[in-house]
Structure formats: C-alpha cells, structure tokens
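Coordinate inspection notes
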Amino acid sequence: MSYDECYVKSVVRTIHDWPEPGIAFRDVTPIFKDPKALRMVSDALTTRYIDSGITHIACIDARGFLLGSIMAYALNLPLVLVRKKGKLPGETICQDYTLEYGTSTVEMQIDAVSEGDNVLIFDDLIATGGTVLAAATLIRKLGAQIYEAAALIDLPDLNGSTRISEADIPVFTLLAYEGL
Ligand code: AMP
C-alpha cells in the first residue's frame, strides 16, 4: 500500500489546549485504530531502513514503543527502550533534559547498545527535540553511533529537528504541522 500523507494526516487528531492551555496535542492513537493508516506509516518507515545498515532501534517511552516495535519486527532487528526514569530494572544510565516547563529524565539499561552498534532513534513526535537529544546522549555514552532520528510527526516551529540536525544526527519525519 503506498503512503498517502493526506490520508495519514486526516487520521491524526488534534486536541487543542491539552495537556495545558496553548498546546495543540497531536494525538496519534487514532492511527492504531485505523489499519490502513497503520499499514501506511509502518510500511513507509520500514521500507526506509531496509538497506540502511542499522543494527538496533531505540524507541522512546511510550508512544515511540508502538511503531518502534513494528519496525523492529519487520526489519528483524533488536529493539531497545529509552524509558522515563525509574521504569527499567537492572543497571541503568540516565540523562536529564529540559522541557518547556521543568525538566525530565530518560534512562536506558547499560547493556542496551554498545560500541559498533548503529542505532535508529524513534519517537512519535519531535517538538523541542529535548527527548531525542537526551536519548542520543545516552546511546553515545554507551559507545554506539546514531544513524538517524525518526518520528511520525515534526513540529518544525519548535525547532527540535533543527537542534537534532545541529548535533550531527540526521532527522526523518513523515508528517509536519506548522505552529505550536
Ligand atoms: P520534545 O522533547 O520537546 O521534542 O517532545 C517530544 C515528546 O513529547 C514526544 O515523546 C511526544 O510524544 C511529546 N510531545 C511534545 N509535544 C507534543 C504535542 N504537541 N503533541 C503530542 N505529543 C507531544
């Protein structure tokens, strides 16, 4: 099934003033209720990475897990988790980062990736880019290299994809929404 950006965009739902006033929340959950949209985005993402040489997919808590898992299954690749602090057992490393309001922390298990690995970072959406950059810091600390950061949605006006590119990480997204 060929990818139809207009169709996928029509399925994503925008919820205004959630979780706080002024935010337009781009809700991807309807994609998972719509088998045609899910197949389109899964196939588009999977096809892009078939001959890429990536060795691992690092997906970000929690909506990144959904499509990340599908890609890992389709590409027959290991999936590793970048989780919010306190969710992963065993020995971990963590990285703080700044949100629009306050700070947050992401964490990975220390054996998730290692030197020689070529990792794709995946999340549902890039806003300020802070989450992806914190994940990238952890992956680099563990000795692996980053192939690219991918997401379903980019919010270019928040400059996240630019910040990520400036950290020498290529960025790929399937959809973009202007505005905040
Ligand atoms: P950031 O670190 O600022 O790039 O934020 C990206 C993370 O926050 C992703 O995991 C998204 O799921 C979530 N997020 C940020 N802004 C939005 C938004 N407007 N709509 C939906 N999710 C968002």
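These numbers come from a predicted model, not from an experiment.

Some thoughts on the overall build of the protein
- If you tally the helices and strands in the protein, you get six helices and nine strands.
- Relative to a compact globule of 180 residues, whose C-alpha radius of gyration would be 16 Å, the protein shows 16 Å and is just as compact.
- Oriented by its inertia axes, the alpha-carbon framework of the protein measures out at about 40 × 40 × 30 Å.
- Burial statistics for the protein: of 180 residues in total, 48% are counted as buried.
- Looking at the protein alone, contacts between residues at least 24 apart form 59% of all its contacts between residues at least 6 apart.
- Accessible surface, the protein: about 9000 Å² in total, of which carbon and sulfur atoms supply 50%.
- Of the side-chain charges in the protein, 15 are positive and 24 negative, and the distance between the mean point of each set is 5 Å.

Quick word on the packing of aromatic side chains
- Summed over the entire model, instances satisfying the criterion amount to two aromatic pairs.
- On the basis of an interplanar angle of 85° and a centroid distance of 4.9 Å, the ring pair of Trp18 and Phe25 is categorised as edge-to-face.
- Judged by relative accessible area, which is 17%, Phe25 ranks as buried.
- Seen from their ring centres, Tyr49 and Tyr147 are 6.2 Å apart, and the 80° between their planes marks the pair as edge-to-face. Taken together, the residues span a long stretch of sequence, with Tyr49 in helix H3 (residues 35-49) and Tyr147 in strand E8 (residues 145-154) at a distance of 98 residues.
- We classify Tyr147 as partly exposed; its relative accessible area is 29%.
- Its guanidinium or amino end placed over the ring of Tyr7, Lys36 lies 4.2 Å from that ring's centre, counting from NZ or CZ.
- Lying across the ring of Phe172, Arg48 places its NZ or CZ 3.8 Å from the centre.

Regarding the site of the ligand
- Contacts to the ligand come from 14 residues, most closely from Arg63, Asp123, Thr128, Gly129 and Thr131.
- Interatomic distance of 3.0 Å between a backbone N/O atom of Arg26 and a nitrogen atom of the ligand.
- Thr131 is positioned with one of its side-chain polar atoms (N or O) 2.5 Å from an oxygen atom of the ligand.
- Alone, the ligand offers 490 Å² of accessible surface; in the complex the protein occludes 83% of this.
- Contributing elements (two or more residues each) for the shell around the ligand: strand E2 (24-27), strand E7 (118-126) and helix H5 (130-141).
- With four residues, E7 is the largest single contributor of residues to the shell around the ligand.
- Of the residues assigned to the shell around the ligand, the class counts are six nonpolar, four polar and four charged.

Let's talk about the packing of H3 against helix H4 (residues 63-75)
- Direction vectors running N to C along H3 and H4 enclose 55°, while the axes themselves pass 10 Å from each other. In this view, H3 runs oblique relative to H4, as classed from their interaxial angle. Both H3 and H4 take part in a crossing whose hand is right-handed. Counting all contacts with H3, which are made through Leu38, Val41, Ser42, Leu45, Thr46 and Tyr49, the residues of H4 involved are Leu67, Ile70, Met71, Ala74 and Leu75.

Points about unusual backbone geometry
- Residue Pro19 is reached from Trp18 by a cis peptide bond, and omega for that bond is 5°.
- Positionally, Pro19 belongs in the loop between strand E1 (13-16) and E2.
- Cis geometry is found at the peptide bond from Asp61 to Ala62, where omega equals -5°.
- Along the chain, the position of Ala62 falls in the loop between strand E3 (56-60) and H4.
- Not every positive phi belongs to a glycine, and Asn159 is a case in point at roughly 70°.

Each value, and the rule that gives it
Residues numbered from 1 in each chain as written. Predicted model: local features only at pLDDT ≥ 70, side-chain atom pairs only at ≥ 80, totals over all residues. Heavy atoms only, no water. Helix = DSSP H or I, 4+ residues; strand = E, 2+ residues; numbered from the N terminus. Rg over C-alpha atoms; globule rule 2.2 N^0.38 Å. Buried < 20%, exposed > 50% of the residue type's maximum accessible area, 1.4 Å probe, protein only. Contact = heavy atoms within 4.5 Å. Areas by Shrake-Rupley, 256 points an atom, 1.4 Å probe, with all protein chains shown as cover. Lys, Arg positive; Asp, Glu negative; His and termini not counted. Charge placed at Lys NZ, Arg CZ, Asp CG, Glu CD. Phe/Tyr/Trp six-rings, centres within 6.5 Å; stacked < 30°, edge-to-face > 60°. Lys NZ or Arg CZ within 6 Å of the ring centre and 35° of its normal. Near = heavy atom within 4 Å. Polar contact = N/O pair within 3.5 Å; in protein donor to acceptor, adjacent residues only side chain to side chain. Nonpolar A, V, L, I, M, F, W, Y, C, P; charged D, E, K, R; others polar. Axes fitted to C-alpha atoms, helices over the stretch in contact; angles between N-to-C directions. Parallel < 35°, antiparallel > 145°, perpendicular 65-115°, else oblique. Left-handed = near helix turned anticlockwise from the far one by under 90°.

In short, shape yes, function no, at least from these values alone.
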